[in-house]
Amino acid sequence: INHIVHNGGLYKRPFNEAFEETPMLVAVLTYVGYGVLTLFGYLRDFMRQWKIEKCQNATEREEQKDFVPLYQDFENFYNRNLYMRIRDSWNRPICSVPGAKVDMMERVSHDYNWTFTYTGRVIKDIINMGSYNYLGFAQKAGTCQEAAAKVLSQYGAGVCSTRQEMGNLNKHEELEKLVARFLGVESAMAYGMGFATNSMNIPALVGKGCLILSDELNHASLVLGARLSGATIRIFKHNNMQSLEKLLKDAIVHGQPRTRRPWKKILILVEGIYSMEGSIVRLPEVIALKKKYKSYLYLDEAHSIGALGPSGRGVVEYFGLSPEDVDVMMGTFTKSFGAAGGYIGGKKELIDYLRTYSHSAVYATSLSPPVVEQIITSMKCIMGEDGTTVGKARVQQLAENTRYFRRRLKEMGFIIYGNEDSPVVPLMLYMPAKIGAFGREMLKRNIGVVVVGFPATPIIESRARFCLSAAHTKEMLDTALKEISEVGDLLQLKYSRHRLVPLLDRPFDETTYEETED
């Protein structure tokens, strides 16, 4: 790791990130577990076919039996026979603000999770370890909520038009100027949905004859945007700069398939914090490669904006880099700002182009005014423009909570993925039976967690994902850690042998990323 940190002097701060090797026995037992579940799945499908077991899933009608089957793919088999067993671990109904603690409606199932019935009981004060409430702005009282309520009474809840027609409010203009100042870029544009910010803007930036180089663990919104664009897509290994450089070299040397013409554009797609791995992009090296090979960089800061950097300005500030080195800065307001929507920041020419050609700008309804005010107020708080140091204190508190929580989990013997400064903390579960068991046992102990399995992760890399918040007190974290340790002992989840392996396949060459003269 130290070798990585000092690579060519690109890093101005320690960068500690490693993934522990999966124990061989755990990997074998995980495959065996999925094998047993699959065998029982086929057995149950056989019983359903012969009416021995009641069939509750969607099937073709009798008159459609000779048609091409609609429901025979693997994912539907997986949903029926594997996901349905642990379905109670997801979509739990919350009936309070998603702050440090939440209230949850109790539900039960009498048909093995095919349907749920509400008991009418509310489970109070569950410690919330799953929401993306990084800076604690998901509140029902305070300056943000008072400002949003005032704007609600003045503007109403909806805009009922697109930005290009009757939906461009002075509040939207104020927000975009503030976002541009916050990011340190020339201009910015806000959108009503974070997912659509990626999926609808990438097609406006690249098209046929362009090349997209995408990290293999990029979010579904980036993947969808890349596919919709019509550009050629090539995947590089997660955060692996040798893999990225090889693709860049091949793209420049060979050009487009068949014609061998140069690519019109080469666009690199990366995220600031990867939401399932808890890893942070190696941005100094990505920028060095971008400059060396004259390509463009699209940075998705959905999870990193507000959560990283001394003043919460994201992964660019975290590494001490210039925003000018990132061509397209994308982020969302749904996490650190406790609101909704997304933004794109960059040069004025880029934003002016997107105002005309982005589907999100032309066809989507504008952001709701109270939501805009929530973003403005929380962003000013982070910047210190509200006359207080509350925002800075929250950023520092999140960083302290992150390091403390990660350190304690590692000391307990869990396998934890990601960077030591990432507030997204994946705890590896591996075995399919332990996904549901961990979620249920934690809920029994009044801790709300998110468990994740296929298709959101590789099929044998199931995990629990904790999201830290500045709203979490040390007492809350200690309580959660105590319960996590108990459940870890109960389910035998402490797999760690403290054998950390670096993410990359080979050492860096310090001369690899020197910039070339024009």
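Conventions and cut-offs
- Residues numbered from 1 in each chain as written.
- Predicted model: local features only at pLDDT ≥ 70, side-chain atom pairs only at ≥ 80, totals over all residues.
- Heavy atoms only, no water.
- Buried < 20%, exposed > 50% of the residue type's maximum accessible area, 1.4 Å probe, protein only.
- Helix = DSSP H or I, 4+ residues; strand = E, 2+ residues; numbered from the N terminus.
- Pairing = 2+ DSSP bridges.
- Right-handed = clockwise from strand over helix to strand, strands pointing away.
- Axes fitted to C-alpha atoms, helices over the stretch in contact; angles between N-to-C directions.
- Parallel < 35°, antiparallel > 145°, perpendicular 65-115°, else oblique.
- Left-handed = near helix turned anticlockwise from the far one by under 90°.
- Contact = heavy atoms within 4.5 Å.
- Nonpolar A, V, L, I, M, F, W, Y, C, P; charged D, E, K, R; others polar.
- UniProt positions renumbered as here; feature names shortened; annotations may be inferred.
- Phe/Tyr/Trp six-rings, centres within 6.5 Å; stacked < 30°, edge-to-face > 60°.
- 1 Å grid on protein atoms, 1.4 Å probe; cavity = no way out; pocket = protein on both sides within 12 Å on 5 of 7 lines; lining within 4 Å.
- Points joined across faces, edges and corners; volume = space filled by probe spheres on them.
- Core = buried A, V, L, I, M, F, W, Y, C linked by side-chain atoms within 4.5 Å.
- Salt bridge = Lys/Arg side-chain N within 4 Å of Asp/Glu carboxyl O.

(A) The pairing of strand 7 (residues 266–271), seen in detail. With six of its six residues buried, strand 7 lies for the most part within the structure. Of the two faces of strand 7, the one lined by Ile266, Ile268 and Val270 and the one lined by Leu267, Leu269 and Glu271 are each fully buried. Pairing of strand 7 with strand 8 (residues 296–300), which is carried by five bridges, proceeds in the parallel orientation. Within the sheet, the bridge partner assigned to leucine 267 lies in strand 8 and is tyrosine 296. As for the winding sense of the linkage, the β-α-β connection from strand 7 through helix 9 (residues 283–292) to strand 8 is right-handed.

(B) Geometry of the packing of helix 15 (residues 432–444) against helix 16 (residues 474–491). Interaxial distance between helix 15 and helix 16 falls to 10 Å at its minimum, and their mutual angle equals 140°. Classified by the angle their axes make, helix 15 and helix 16 are oblique. For the pair helix 15 and helix 16, the sense of crossing is right-handed. Here Lys434, Ala437, Phe438, Glu441 and Met442 of helix 15 lie close against helix 16, whose contacting residues are Ala480, Glu483, Ile484, Val487, Leu490 and Leu491. Class assignment for the residues of the contact of helix 15 with helix 16 results in eight nonpolar, no polar and three charged.

(C) How the structure looks around the UniProt feature "domain: Aminotransferase class I/classII large" (unreviewed entry) in the protein. According to UniProt, the feature "domain: Aminotransferase class I/classII large" (unreviewed entry) maps to residues 124–484 in the numbering used here. Secondary structure content for residues 124–484 is 43% helix and 16% strand, while the C-alpha to C-alpha distance between its ends is 19 Å.

(D) The packing of aromatic side chains, seen in detail. Evaluated as defined, the whole model comprises 17 aromatic pairs. Taking 5.4 Å as the distance between ring centres and 65° as the angle between the ring planes, the aromatic pair formed by tyrosine 430 and tyrosine 495 counts as edge-to-face. Separated by 65 residues along the polypeptide, tyrosine 430 in strand 11 (residues 424–430) and tyrosine 495 in the loop between helix 16 and strand 15 (500–502) bring together distant segments of the chain. An aromatic cluster is defined as three or more aromatic residues linked by ring pairs; in this entry it consists of Tyr11, Phe15, Tyr318 and Phe319.

(E) Geometry of the pairing of strand 4 (residues 187–191). Burial analysis of strand 4 places five of its five residues in the buried class, which makes it a mostly covered element. Side chains Ser187, Met189 and Tyr191 project from strand 4 onto one buried face, and the interleaved Ala188 and Ala190 project onto a second face that is buried too. Here strand 4 runs beside strand 10 (residues 342–346); their pairing, made up of five bridges, is antiparallel. Note that in strand 10 the partner of tyrosine 191 across the bridge is glycine 342.

(F) How the structure looks around unusual backbone geometry. With an omega of 5°, the peptide bond running from phenylalanine 454 to proline 455 counts as cis. Within the secondary structure layout, proline 455 lies in the loop between strand 13 (450–452) and strand 14 (462–467). Despite not being glycine, arginine 260 shows a phi value in the positive range, around 65°. As for its placement among the helices and strands, arginine 260 is situated in the loop between helix 8 (241–254) and strand 7.

(G) Broad picture of empty space enclosed by the protein. According to the stated counting rule, one finds one cavity of 30 Å³ or more in the structure shown. Along its surface, the largest cavity is lined by Gly99, Ala100, Asn128, Ser131, Asn133, Cys467, Ser469 and His472. The residue makeup of the lining of the largest cavity, split by class, is two nonpolar, six polar and no charged.

(H) Spotlight on the nonpolar core. Of all hydrophobic cores here, the largest spans 107 residues; its most connected members are Met129, Phe405, Leu409, Phe438 and Phe466. Those residues within four positions of methionine 129 in sequence are excluded, and the remaining contacts are Phe405, Ile447, Gly448, Val449, Arg465, Phe466, Cys467, Leu468, His472, Leu477 and Ala480. One finds Val206, Val328, Leu350 and Ile351 within the second-largest nonpolar core, a separate group that totals 21 residues.

(I) Highlighting the sheet that holds strand 2 (residues 101–108). With mixed pairing, the three strands of this open sheet are ordered in space as 2-3-12. Only two strands of the sheet have a single partner each, and these edge strands are strand 2 and strand 12 (447–448).

(J) Layout of helix 15. The buried fraction of helix 15 is high, at 10 of 13 residues. Phi turns positive, to about 65°, at asparagine 446, one or two residues after helix 15.

(K) A look at the sheet that holds strand 11. Reading across the sheet, the three strands line up as 11-14-13 and stay open at both edges, with antiparallel pairing between neighbours. Two strands lie at the open edges of the sheet, namely strand 11 and strand 13, each paired on one side alone. Between one strand axis and the next, the sheet turns by 25° as a mean value, whatever way the strands run. Looking at chain direction, strand 13 and strand 14 are connected through three bridges and run antiparallel. Residue pairing across strands places valine 450 opposite arginine 465, the latter belonging to strand 14. Against the sheet, helix 14 (residues 390–412) makes contact with strand 11 and strand 14, and its axis sits at roughly 20° relative to strand 11, the strand it touches most. Sheet strands touched by helix 15: strand 11, strand 13 and strand 14. Its angle to strand 11, the strand with the most contacts, is close to 130°.

(L) Representation of the pattern of salt bridges within the structure. Counted under the stated rule, the structure contains 32 salt bridges. A salt bridge links aspartate 88 to arginine 440, with the nearest nitrogen and oxygen atoms 2.7 Å apart. Here arginine 440 lies in helix 15 and aspartate 88 lies in the loop between helix 3 (74–81) and strand 2, a separation of 352 residues in the sequence. A residue is classified by how much of its surface remains accessible, and aspartate 88, at 16% relative accessible area, is buried. The shortest N-O distance in the salt bridge between arginine 445 and glutamate 441 comes to 2.8 Å.

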